[in-house]
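Chain and residue survey
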Amino acid sequence: MQDPNKDTEWNDILRKKGILPPKENLEEQERVKEEEQLAILQKSLVKTYEDMTLEELEENEDEFNEEDEKAIEMYRQQRLAEMKAAQMKNIFGEVLEISGKDYVQEVTKAGKGIWVVLHLYKQGIPLCALINQHMSGLARKFRDVKFIKAISTTCIPNYPDKNLPTIFVYLEGDIKAQFIGPLVFGGMNLTRDELEWKISESGAIKTDLEENPRKQIQDQLMSSIRACVPASGESDSEDD
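Here's a quick rundown of the structure. (Residues numbered from 1 in each chain as written. Predicted model: local features only at pLDDT ≥ 70, side-chain atom pairs only at ≥ 80, totals over all residues. Heavy atoms only, no water.)

**Remarks on the pairing of strand β3 (residues 146-151)**
Under the convention used in this document: Two strands qualify as a pair provided DSSP detects at least 2 bridges between them. Helix and strand assignments follow DSSP, with helices taken as H or I runs no shorter than four residues and strands as E runs no shorter than two, numbered in order from the N terminus. For crossovers, right-handed means that the path from the first strand over the helix to the second runs clockwise, given strands pointing away from the viewer.
As defined by bridge partners, strand β1 (residues 96-97) adjoins β3 across two bridges and the pair is classed as parallel. Note that in β3 the partner of E97 across the bridge is K149. Relative to β3, strand β2 (residues 115-121) runs parallel, the two being bridged by six bridges. Of the residues in β3, the one forming a bridge with L120 is A150. Regarding topology, helix α6 (residues 126-141) serves as the crossover connection from β2 to the parallel β3, and that connection is right-handed.

Written out as structure tokens, the structure is:
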């Protein structure tokens, strides 16, 4: 088949009769086609950046031109930032047991931007054991927060048992919140969600709970009380 783009007498006749498009349109179509192919090529090249690891980028850096190298450097910095953020989110994940001699290193020098939740406890106190159990779950959920526990008297000599359990929340060595004594925690009915909410109020963790779980229990309790107490009108009528 004859090439419709060639300058031949026959093609000119076909153009005049409208069978072939004008030559200018053909040239424009060809130019657009070339630009589209170039764009596809460039996109495929950028895609290779995204598919490469940092090691592969270094191995192939001689194959890229100056503009490519600028794009690669921006992409490399982005990948490094993403990797660092991912590492920070998974830095802990479990409750660390410490003693007084570890306090400065694990709490005061925990690091910039690191939240620390310290539980002071003693063996044989049921509520302390319950909070240790809840903290293990929270440590797995909030891996960017350092959850630690310590027997109270190893950190603070002669610390009274009546103040247990005690939770201190730190940021860069400064106390941001403290919860002292069993009444603060609501006793053995304390749930993990309630402890999560309480710690989240200090700013240490970003909870996905929409409201205080304790409020639901309080609302249910008040509803039960109202149901049991007769209305004033009913009481007066009975007295008559």
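**Here's the deal with the sheet that holds β3**
Put simply, the rule reads: Here a residue-residue contact requires only that any non-hydrogen atoms of the pair lie within 4.5 Å. Interaxial angle, 0 to 180 degrees, is taken between N-to-C directions of lines fitted to C-alpha atoms, where a helix line uses only the stretch in contact.
Read from one edge of the open sheet, five strands run β1-β3-β2-β4-β5, paired in mixed fashion. The sheet is open, and its two edges are formed by β1 and β5 (174-180), each paired on a single side. Along the sheet, α6 makes contact with β2, β3 and β4 (166-171), crossing β2 at roughly 160°.

**A short note on helix α9 (residues 192-200)**
Spelled out, the test is: Remark: exposure states derive from per-residue accessible area (1.4 Å probe, protein chains only) relative to the maximum for the residue type, with buried under 20%, exposed over 50%, and partly exposed in between.
Most of α9 sits out of view: seven of its nine residues are buried. Restricting attention to buried positions, one finds in α9 the residues E194, L195, E196, W197, K198, I199 and S200.

**Observations regarding the pairing of β4**
With respect to burial, β4 is a largely interior element, six of its six residues being buried. Here β2 pairs with β4 via six bridges, running antiparallel. Within the sheet, the bridge partner assigned to L118 lies in β4 and is F168. Pairing of β4 with β5, which is carried by six bridges, proceeds in the antiparallel orientation.

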